[in-house]
Amino acid sequence: MTKPTRHHDDNGVAVESAVSRRDFLKVTALAGGGLLLASYAEPLEAIERLGSAVADPALSAYVRITPDNVITITAKNPEIGQGVKTMLPMLIAEELDVDWTQVRVTQGDFDPTKYQAQAAGGSTATPTNWLPMRRVGAAGRQMLMAAAAQQWSVPVSELTTEKGVVHHRASKRQATYGALAATAATMTAPALDTVPLKDPKQFRLIGTRVTTVGITDITTGKPIFGIDVTVPNMHYASFVKAPVYGAKVASANLDAVKALPGITHAFVVDGGTQLQGLMPGVAIIGKNWWLVQQARKQLAVQWAEHPTSQQSSAGFAAKAKELLAQPAQRTIRSDGNVDDAIKTATKTITADYSYPFIAHAPLEPQNTTAQWSGDRLEMWSGTQLPQPGRALVASTLGIKEDQITMHMVRAGGGFGRRLNNDYLVEAAWIAREAKVPVKLLWTREDDMQHDFYRPGGFHRFQAGVDANGTLVAFRNHFVSFGEGDRFAPSADIGPGEYPARFVPNLKIESSVMPLGVPTGALRAPRSNALSFAFQGFIDECAEAAGKDPIQFRIDMLKKEIPPTGAPLTPQQQAGLMDAQRVIGILEMARDVSGWGKTKLPKGTGMGVAFYFSHRGYFAEVVKATVSRTGEVRVDKVWAVGDVGSDIINPNHAEQQVQGAVLDAMGQAYGQEITFTGGKADQSNFAPANLTAGNASTFSLLRIRQAPPEIEVHWKKTTFSPTGIGEPAMPPLIPALMGAIYQATGKRVRTLPLSKTDLRWS
Amino acid sequence: MPITLKINGASRTIDVPPDMPLLWVLRDELDLKGTKYGCGASRCGACTVHVNGVAQRTCQLPVSRAAGADITTIEGLSPDGGSAVQQAWAELDVPQCGYCQSGQMMAAAALLAKTAKPTDAEIDTALNANLCRCATYLRIRAAVHRAAEIKAGAPVGGASSKREED
């Protein structure tokens, strides 16, 4: 019997392997003649331990078929704009063989006794649900056909289904699923792991462009977001934390604040020392959020000294320079002998790359509504990780998790920010202390200054090519943040970083400096930053080798160096980049973009990069024009993705790719968070007339900066489908930098590009 | 002091401080939650409504200055999503997270009221103050063009489920 494999991905999201997970179907008759299909799964250890008496099976799907032939499917995962509330039900509907117009989708609450893996992060929903969801639909279809076969006394093999109707063509009989549901509920549920699935050629829904479930709620401004939640007697809260992360409150003029109009409470929250938990601060509560903000302006807090106040961006840069000049603290990977190979190389190059801290800045600021009744806590929040969120609240407040009910509401953007649950624990604490229901709503300034930032980083590269233009030596010294062997969250690097495995003499090393600033996963964590440095330097290697940037990469990928050292675990093996798939997307990108076949005017260039992250493969070509005064304009982007055999909803997949491309452009153009005296300098968005952030503001891409066209192409392969929220992001920035280099002859090795003078004549 | 507002064709009287921004009056006093808070500094456009037909940020607009004006919010653009802009937004499935889209649609509707057939450049100028963190900008542009067609009498397509050509 296969053991289920469970590991944690880049975002700390538990990923269960779909192949080794065993799901079971539970079928219940509904009053009035309906049918409820619920699949559940338990870790095999639990089933073996408990036998068949598993008390609260964790459902991975929940389907209701009612006599009116309406199919209601519960969507279990948090919706943050990635389209999962549309995609997961599509998988069930496909195999059930119902028409999408028959399907109603409802959002499930957070409930680990019913659903498993309710999370949004790591592009995990597709690979973990592709088979389990389809099997539920397929099993339901089998039971409905069995019911029809019994009613009509015909063999099941003579039955077909279409659009929620079972047909017996020979006798011209037909019945809707709704009419068959009551009988189907009495049939034996088939085993999910052997239920036959459709041949993908028969798909009617998967692969079609399906519109967002609930689109009209968005276009008519319905109150569907966390910020829109209201409960009776709701009060509004602001939580003022120290600008220096973790500094405690020494004193505050609470009495003066409490006396201000509309204010009902003001108190100090001691908080703890864990950056991901409840931080110290002052809570101000009133009957009106705007009046709370007015009172906040009168709040005077003395913050206690905190060691992080000694940290600054200037200090990080100075320390990085010092560390880069010393031998690295750790070796992450070492193949061959890089020092000797550099000495004997025909040509060597070296370059330093660096990139800043950046904020997530989802447009909906963090918020949570919390309501206590007795010892029970009810919460509404757009968190990406409700399960760890509930656990954090329970442990911080000293209550049991089952005292907490969590409602999942649509989030106004995630991008990884809502993988952390600080706002959740703040709201729970404040509501308990104030003894009133509370909606905690952060200001934009709170959000930007108390993020879990994408960490900055510093890289020194060295490489050598031989007389044939082959890359024979490659060294990376990555200066990052952390302590000892531990990297700060999302500030790490792994031994698989390309070009590892494709260069005979290669060394990846790291050194770290301490960090008191919170960091965390931002869309395509690690990859979003490492791609800029590694793919950027690979472009320089191609130039040193005198080769075309695409051909140089392809040639290298065709020559994998046989692995030495300890054999990889099967899981490590499965996580390795597949060189053939990379070659596939690079060749397609070359074809669709007309690479090397277009005569470009001076000031215009094309650049390319690829990246493998979150199980997905993307190659992107950027065409950009740089004016003589140094302004960059992206003319067009070609994005080629290989995320397996099927694009479940091309409508949303295309959106995710275009969104990731533009998100990366925004980062490249002008995003930077700097720190002075242990606190973030930027506090709000840059005004619309600026194309980049500055000393006090942070820029997001604006419509004027968006190119006219981003072509999205899919390289369909035989692999099982994987997720799309993240992998399209990493290649864009290095591809853009390649285009800028071709246009101007200037290499951008520091982000954002507003720091590099790109004027040319 | 009571202030009377004309919102979505109806007269509403509230008793709030005169310097309270219209955004918070709409959201927390009048329960019109389609208008969103994003920055409080007139930089993101999530709080865009029409004041006398002009797209305007409400997060810094004192309610006293809106008294007597004709105010239209997303809820008043058309309650059932039937306006040209809302139909185009649904047909092209513009939103990802959706949070900024009320503001985007209000800005687009104000543009189309003045300019029946805007160019890409005109769209970019009119909507540049509206941030979309998910960066749905290409579909926003296309949807403004589509809304212009719908306003000019083009037939309206429905939300779709079409097979993708390989």
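Please read all numbers here as calculations on a predicted model, not as lab measurements.

Caption draft 1: Region of interest: the overall build of chain B. Counting its secondary structure elements, chain B contains 6 helices and 6 strands. Its helices and strands taken in sequence order, chain B reads β-β-α-β-β-β-α-α-α-α-α-β from the N to the C terminus. Rg of the C-alpha trace for chain B: 16 Å, near the compact-globule value of 15 Å for 166 residues, within the 12% margin. Referenced to the eigenvectors of the C-alpha coordinate spread, the extents of chain B come out at roughly 60 × 30 × 30 Å. The buried share among the 166 residues of chain B stands at 58%. At a minimum sequence separation of 6, the contacts of chain B that also span at least 24 residues come to 61%.

Caption draft 2: Inspection of the overall build of chain A at higher detail. Of the regular secondary structure elements, chain A holds 18 helices and 34 strands. Relative to the 2.2 N^0.38 estimate, which gives 27 Å for 761 residues, the radius of gyration of chain A is 28 Å and therefore close to what a compact globule would have. Its C-alpha atoms give chain A principal-axis dimensions of roughly 80 × 75 × 50 Å. Long-range pairs, those at least 24 residues apart, make up 78% of the contacts in chain A with a sequence separation of at least 6.

Caption draft 3: Fine view of the packing of helix α14 (residues 549-557) of chain A against helix α16 (residues 579-593) of chain A. Residues and elements named next belong to chain A. Close contact between α14 and α16 brings their axes to 10 Å; oriented N to C, the two are set at 160°. Judged on the interaxial angle alone, α16 and α14 are roughly antiparallel. Crossing geometry of α14 relative to α16 is assigned as left-handed. Along its contact with α14, which presents Ile550, Arg553, Ile554 and Leu557, the element α16 presents Ala579, Val582, Ile583, Leu586 and Arg590. Among the residues making up the contact of α14 with α16, the classes are represented as 7 nonpolar, no polar and 2 charged.

Caption draft 4: Just the nonpolar core, in detail. All names here are of chain A. Core analysis: the largest hydrophobic core is formed by 289 residues, its most contacted members being Ile284, Val661 and Leu736. Top element by residues in this core is helix α3 (residues 125-152). It accounts for 13 residues. The contacts of Leu736, once residues within four sequence positions are left out, are Gly607, Val622, Ala624, Val634, Met665 and Ala668.

Caption draft 5: Examining the environment of Asp111(A) more closely. Residue position: Asp111(A) is located in the loop between β7 (103-107) and α3. Here the alpha-carbon distance between Asp111(A) and Lys76(A), two residues 35 residues apart in the chain, equals 9.0 Å.

Caption draft 6: Quick peek at unusual backbone geometry. Residue and element names in this part refer to chain A. Cis geometry marks the peptide bond from Tyr498 to Pro499; its omega dihedral reads 20°. If you trace the backbone, Pro499 turns up in the loop between β25 (486-487) and β26 (505-513). With an omega of -10°, the peptide bond between Leu751 and Pro752 qualifies as cis. Examined against the element boundaries, Pro752 turns out to sit in the segment after α18 (732-744). With a phi close to 60°, Phe415 is a non-glycine residue in the positive phi region.

Caption draft 7: Up close: the interface of chain B and chain A. Of the residues lining the interface, 51 residues belong to chain B; the matching set on chain A comes to 53 residues. Those elements that provide at least two residues to the side of chain B that touches chain A are α1 (22-29), α2 (74-77), α3 (84-91), α4 (101-114), α5 (120-127), α6 (137-151) and β6 (161-163) of chain B. For the side of chain B that touches chain A, the class distribution of residues is 26 nonpolar, 13 polar and 12 charged.

Caption draft 8: Structural context of the environment of Arg64(A). All names here are of chain A. The residue Arg64 is located in strand β5 (residues 58-65) in this model. Each C-alpha atom, one on Arg64 and one on Thr74, is 8.6 Å from the other, the two residues being 10 residues apart in sequence. The residues contacting Arg64, other than those within four sequence positions of it, are Leu30, Gly34, Leu36 and Thr72.

Caption draft 9: Representation of α5(B) within the structure. All names here are of chain B. Residues Ile123, Ala126 and Leu127 constitute the buried set of α5. Each buried residue of α5 sits inside an arc of 85° when the element is viewed along its axis, so together they form one side. On its buried side, α5 packs onto α4 and α6.

Caption draft 10: Highlighting the confidence of the model for chain B. Across chain B, the average pLDDT comes to 94, with 94% of residues at 70 or higher. Scored below 50 in pLDDT, residues 159-166 of chain B makes 20 contacts in the model with residues more than four places away or belonging to other chains.

Caption draft 11: View of α3(A). Residue and element names in this part refer to chain A. Its 28 residues place the ends of α3 40 Å apart at the C-alpha level, agreeing with the 40 Å of an ideal helix rising 1.5 Å per residue. Maximal helix bending in α3 amounts to about 30°, located at Leu131; proline Pro132 follows within four positions. Counting buried positions along α3 yields 24 of 28 residues, so the element is predominantly enclosed. Just past α3, the residue Ser153 takes up positive phi, approximately 50°.

Caption draft 12: Quick look at the sheet that holds strand β29 (residues 632-642) of chain A. All names here are of chain A. On the basis of which strands lie adjacent, the open sheet formed by 4 strands has the order β27-β28-β29-β34 and mixed pairing. In this open sheet, the two edge strands, each paired with only one partner strand, are β27 (604-613) and β34 (710-714). Taking each pair of neighbouring strands and ignoring which way they run, the sheet shows an average axis angle of 15°. Judged from the 10 bridges that link them, strand β28 (residues 616-626) and β29 form a sheet pairing that is antiparallel. Across the sheet, the residue bridging to Lys623 is Lys636, located in β29. Contacts from α16 reach β27, β28, β29 and β34, with the element oriented near 135° to β29.

Caption draft 13: Spotlight on the sheet that holds strand β5 (residues 70-72) of chain B. All names here are of chain B. Ordered by their spatial adjacency, 5 strands build an open sheet running β2-β1-β5-β3-β4, and the pairing between neighbours is mixed. Bordering the open sheet on either side are β2 (10-15) and β4 (54-56), each of which pairs with just one other strand. Neighbour to neighbour, the strand axes of the sheet diverge by 40° on average, direction disregarded. Helix-sheet contacts for α4 involve β3 (49-51) and β4, and the interaxial angle to β4 is about 155°.

Caption draft 14: Geometry of the packing of helix α10 (residues 386-397) of chain A against helix α11 (residues 422-434) of chain A. Residue and element names in this part refer to chain A. It is the contact of α10 with α11, at a shortest axis distance of 9 Å, that shows an interaxial angle of 40°. Viewed along their axes, α10 and α11 adopt a mutual orientation that is oblique. The two elements α10 and α11 cross, and the hand of that crossing is right-handed. Two secondary-structure elements touch here, α10 through Gly389, Leu392, Val393, Thr396 and Leu397 and α11 through Leu424, Val425, Ala428, Trp429 and Arg432.

Caption draft 15: View of the confidence of the model for chain A. All names here are of chain A. Per-residue confidence for chain A gives a mean pLDDT of 92, with 94% of residues at or over 70. Per-residue pLDDT stays below 50 along residues 1-21; that stretch engages in 51 contacts with residues further than four places along the chain or on separate chains. Note that pLDDT drops below 50 for residues 42-59; the model gives that stretch 26 contacts with residues more than four away or on any other chain.

Caption draft 16: Representation of the environment of Ala341(A). Residues and elements named next belong to chain A. With respect to the secondary-structure elements, Ala341 resides in helix α9 (residues 338-344). By the C-beta count within 10 Å, which is 23 here, Ala341 ends up buried. Taking the C-alpha atoms as reference points, Ala341 and Pro650, 309 residues apart in sequence, are found 46 Å from one another. Every residue in contact with Ala341, bar those within four places of it in the chain, is listed here: Gly336, Gly464, Val472, Ala473 and Asn505.

Conventions and cut-offs
- Residues numbered from 1 in each chain as written.
- Chains lettered and ligands numbered in written order.
- Predicted model: local features only at pLDDT ≥ 70, side-chain atom pairs only at ≥ 80, totals over all residues.
- Helix = DSSP H or I, 4+ residues; strand = E, 2+ residues; numbered from the N terminus.
- Rg over C-alpha atoms; globule rule 2.2 N^0.38 Å.
- Buried ≥ 20, exposed ≤ 12 C-beta atoms within 10 Å, placed from the backbone.
- Contact = placed C-beta atoms within 7 Å.
- Axes fitted to C-alpha atoms, helices over the stretch in contact; angles between N-to-C directions.
- Parallel < 35°, antiparallel > 145°, perpendicular 65-115°, else oblique.
- Left-handed = near helix turned anticlockwise from the far one by under 90°.
- Nonpolar A, V, L, I, M, F, W, Y, C, P; charged D, E, K, R; others polar.
- Core = buried A, V, L, I, M, F, W, Y, C linked by C-beta atoms within 7 Å.
- Arc of directions from axis to C-beta.
- pLDDT = per-residue confidence, 0-100.
- Expected span 1.5 Å × (residues − 1).
- Bend = angle between axes of the 7 residues up to and from the residue.
- Pairing = 2+ DSSP bridges.

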